[in-house]
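# Summary of the model geometry
Spelled out, the chains give:
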Amino acid sequence: MKKGEWIDREMLGAFESDGTNAHRLCTIDNGWAERFGDDVLISFRSDAARDRLASELTEWSKSAGFQCNRVFGRFLPRKNEERETPKLLSGNETESLQTIVTENQFKFGIDFGAGYSAGLFIDQRENRRFVGQLKPKRVLNCFAYTCSFSVAAAAAGAKTMNVDLSKKSLERGRHNFSLNSLSTDGHQFVADDVRPVLRRLARRGEKFDMIILDPPTFSRTKGGAAFHVEKDFEDLIASALEVADRDGKVLLSTNCETLNEQGLERMARYSLKLSRRSGAFHRQPPPADFPPGAAAKTAWVTLH
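Our subject in this report is the structure included herewith. In this text, all values refer to a predicted model and were calculated from it rather than measured experimentally.

## Some words on the sheet that holds strand E3 (residues 39-44)
One key point about sheets: their strands pair by backbone hydrogen bonds, in either a parallel or an antiparallel sense. Strand order across the open sheet formed by five strands is E1-E2-E3-E4-E5, with mixed pairing between neighbours. Each edge of the open sheet carries a strand with a single partner, namely strand E1 (22-28) and strand E5 (87-90). On average, each strand axis in the sheet is tilted by 25° relative to the strand beside it, whichever way the strands run. Where strand E4 (residues 71-75) meets E5, three bridges bridge the pair, whose relative direction is antiparallel. The residue of E5 that forms the bridge with Phe72 is Leu88.

See the structure below:
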């Protein structure tokens, strides 16, 4: 996709054939539009970007034959603490803010009223597909949010440990398991900071054949300590390597604008050197509905 282009009818049809109705529709310099089922979320850095996307959405919906139910708007602030819940721009005000979307046949709960993020990071679609293809046995999902990676893993037969500071997010994760008729037996949902959890797991000698590391750019622990991805990701990778099994796979991912995939790889290589391990790197194909550089930066490490 080129920046400023809306997906065409062919791509829209391909998504629906795959059982996917949550995806990017268009990306411009100061914003983007994303589909969540019959609803559309416009994320914008300026009023001009919001108005342009809303206007073009109307035209695109007619030409693509897409029946748009509601349109939500979400301002993209420079600082995390300025994030706000999406606001309804058009559509029925009395309708529930909770809905269900599909991705590669899996169902995920969406809640436009739960906070800044609606419940599914759609730029991770290809990485979730890869998880299902690999069929891991035991997955550690760090910063699990609503556990979408774990749904893909559990459906392929894995047992998962989901770690996130937010109990509410983990409850939504349990709900996502339920939506897909997956039992939560044998799966753990741990409401805690990832770093002390990794230390405890290492002391107990626990091992995982897949680890998902997709931390926020900035966050605070329960004790108030700050986590900055540019400064702290390296230590996080090193800690994760201590509980990674031989031949295990680790997903490294970030939305930090100042950290690219080469930077991720440099951090991982340094952590591998410290832990006296070696690994090979690869990336999944970028999602077709995102222009170059617009999706999360990701890299998989296969340990040797």
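## As for the pairing of strand E15 (residues 279-282)
Burial along E15 is one-sided: Gly279 and Phe281 are buried, and none of Ala280 and His282, which face the opposite way, are. Taken together, the four bridges between E15 and strand E16 (residues 297-303) define a ladder with antiparallel strand orientation. The partner of Phe281 across the bridge, within E16, is Val301.

## Brief notes about helix H6 (residues 194-203)
Residues of H6 that are buried: Val194, Pro196, Val197, Leu198 and Leu201. Against the buried residues of H6 lie strand E8 (138-142), strand E9 (159-164), strand E10 (188-191), strand E11 (208-213) and helix H7 (229-241). In the stretch just after H6, Gly205 is the one whose phi turns positive, near 75°.

## Here's the deal with helix H3 (residues 125-134)
Those residues of H3 that fall on the buried side of the exposure criterion are Arg125, Glu126, Asn127, Arg128, Phe130 and Val131. Lys135, located one to two residues past H3, shows a positive phi value of around 50°.

## With respect to the packing of H6 against H7
At a closest axis distance of 9 Å, the pairing of H6 and H7 adopts a crossing angle of 25°. By the angle between their axes, H6 is roughly parallel relative to H7. Where H6 crosses over H7, the handedness of that crossing is left-handed. Residues Val194, Arg195 and Leu198 of H6 form the contact with H7, whose own contacting residues are Asp232, Leu236, Ser239 and Ala240. For the contact of H6 with H7, the per-class residue count stands at four nonpolar, one polar and two charged.

## Topic: the nonpolar core
Leu140, Ile211, Leu213, Phe233 and Leu252 are the most contacted members of the largest nonpolar core, which has 32 residues in total. For this core, the elements supplying multiple residues, two or more each, are E8, E9, H6, E11, H7, strand E14 (244-254), helix H8 (261-274) and E16. In terms of residues, this core owes the most to one element, H7, which gives six residues. Apart from residues no more than four positions distant in its own chain, Phe233 is found in contact with Leu213, Pro215, Phe227, His228, Leu252, Ser253, Leu259, Leu264 and Met267.

## Quick word on the sheet that holds E11
Strand order in the open sheet formed by seven strands is E10-E9-E8-E11-E14-E16-E15, with mixed pairing between adjacent strands. Pairing within the sheet leaves two strands with one partner each, and these edge strands are E10 and E15. Across the sheet, the mean angle from the axis of one strand to that of its neighbour is 15°, orientation sign disregarded. Summarising the sheet, E14 and E16 pair through six bridges and their orientation is antiparallel. Across the sheet, the residue bridging to Thr254 is Lys297, located in E16. Across the sheet, H6 is in contact with E8, E9, E10 and E11; its angle to E8 comes to roughly 150°.

## Here we look at the pattern of salt bridges
Applying the stated rule across the entire model yields 23 salt bridges. Here Glu16 makes a salt bridge to Arg35, at a shortest N to O gap of 3.1 Å. With Glu16 in helix H1 (residues 9-17) and Arg35 in strand E2 (residues 31-36), the pair connects residues that are 19 residues apart, well separated along the chain. On the accessibility criterion, Glu16 (44% relative accessible area) is partly exposed. Glu103 is paired through a salt bridge with Arg128; the nearest N and O atoms lie 2.7 Å apart. Of this pair, Glu103 sits in strand E6 (residues 98-103) while Arg128 is found in helix H3, placing the two residues 25 residues apart along the sequence. Per residue, the accessibility class of Glu103 equals that of Arg128, and both read buried.

Thresholds applied
Residues numbered from 1 in each chain as written. Predicted model: local features only at pLDDT ≥ 70, side-chain atom pairs only at ≥ 80, totals over all residues. Heavy atoms only, no water. Pairing = 2+ DSSP bridges. Helix = DSSP H or I, 4+ residues; strand = E, 2+ residues; numbered from the N terminus. Axes fitted to C-alpha atoms, helices over the stretch in contact; angles between N-to-C directions. Buried < 20%, exposed > 50% of the residue type's maximum accessible area, 1.4 Å probe, protein only. Contact = heavy atoms within 4.5 Å. Parallel < 35°, antiparallel > 145°, perpendicular 65-115°, else oblique. Left-handed = near helix turned anticlockwise from the far one by under 90°. Nonpolar A, V, L, I, M, F, W, Y, C, P; charged D, E, K, R; others polar. Core = buried A, V, L, I, M, F, W, Y, C linked by side-chain atoms within 4.5 Å. Salt bridge = Lys/Arg side-chain N within 4 Å of Asp/Glu carboxyl O.

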